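# Notes for the structure review
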Amino acid sequence: MLANALPDHVRLRLRDYALLLRLNRPVGTLLLLWPTYWALWLAADGMPSTSNLIVFTLGVYFMRAAGCAINDFADREWDRHVERTKDRPLTTGRIQPWEAVALFVGLGLVSFLMVLLFTNTLTLYLAFGGALLAFVYPFMKRYTHLPQVFLGAAFGWSIPMAWAAQTGELSQVTWLLFIANIIWSVVYDTFYAMVDREDDLKVGIKSTAVLFGDADRLILGILQTTIIAILLLVGQQAELGTFYYIGLLTMACLFIYHQFLARERDRAGCFKAFLHNNWAGFALFAGLAVDRMLA
């Protein structure tokens, strides 16, 4: 009702900002949220503190939106050559480059202030690394075929930050989760990149989908198996119980389903496999949360 009361030009501008920040596509936020929750629940050995839960939930939403803004800023020239992205607000000129940078800086500052005011010194130091990764990642596809690794590090940096906020220190389990998340990010973002592979080859964009070529599904299967192996080790080191392993088994079954979805390497199947990884992350979180609740 309030939106309808606004002038048309204001509504259109707000709509373009929402598209720039991907507010209409929550899956990307959830792919960042679940690993953050893995870390919070494990570090707390159960329900995390209310303040940490609020700070990191909001931080995930703000930093994912900030990442989308700086990503579109970096890709504004290339996006016009890719079918899926040619109508983005920044590419078409409906939003100016300086506006995207301003949104990135503004959302980043809000997230930084939450860390400064409501967490501890170690988390604050780690936040600088997270900001650097969020800024650097979008430019990596110019220099390496492994931008998905940088995406995984940027997305996964919330893991040591959440762990530090909850416990004041880091552990071996923290870094096992971080490594598992980097590999998982490579997997789901490669499915995503397979959607654009033909366009990327034409304009010279680098990605793991281009690097892996015809071996893409085999390599993704190896990476998916590695994720499960690392998370098995997490379960052993953290002395987790049956429900965690049920969640992990569910994740493994979903990985197999994702391979089935992408079996023909068509755009629709690969994109669905990317989207469906959200459920894999949720399955592990659900198993972990129930396990800790009943421990």
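Everything below is about the structure shown above.
Rules and cut-offs
Residues numbered from 1 in each chain as written. Predicted model: local features only at pLDDT ≥ 70, side-chain atom pairs only at ≥ 80, totals over all residues. Heavy atoms only, no water. Phe/Tyr/Trp six-rings, centres within 6.5 Å; stacked < 30°, edge-to-face > 60°. Helix = DSSP H or I, 4+ residues; strand = E, 2+ residues; numbered from the N terminus. Buried < 20%, exposed > 50% of the residue type's maximum accessible area, 1.4 Å probe, protein only. Lys NZ or Arg CZ within 6 Å of the ring centre and 35° of its normal. Salt bridge = Lys/Arg side-chain N within 4 Å of Asp/Glu carboxyl O.

All told, the structure shown has 21 aromatic pairs when counted by the stated rule. Measuring from ring centre to ring centre gives 5.6 Å for W34 and F285, while their planes differ by 20°; the resulting arrangement is stacked. Separated by 251 residues along the polypeptide, W34 in helix α3 (residues 27-44) and F285 in helix α15 (residues 267-294) bring together distant segments of the chain. By relative accessible area, W34 is classed as buried at 11%. Considering the side-chain rings of W184 and Y188, the 5.0 Å spacing of their centres and the 85° angle between planes classify their relative orientation as edge-to-face. With W184 and Y188 both in helix α10 (residues 172-195), this residue pair falls four residues apart, about one helical turn. Judged by relative accessible area, which is 1%, W184 ranks as buried. Three or more aromatic residues joined by ring pairs make a cluster, and in this case those are W34, Y37, W41, W279, F282 and F285. The ring of F73 has R76 lying over it, and the distance from NZ or CZ to the ring centre is 4.3 Å.

Scanning all chains against the criterion turns up nine salt bridges. Here R15 ties to D16 by a salt bridge, and the two come within 4.0 Å at their closest N and O atoms. Its relative accessible area of 48% is what places R15 among the partly exposed residues. Through salt bridges with shared partners, a single network forms among R15, D16 and R94.

Turning our attention to the environment of D200. As for its placement among the helices and strands, D200 is situated in helix α11 (residues 197-203). Separated by 142 residues in the primary sequence, D200 and L58 have C-alpha atoms spaced 33 Å apart.

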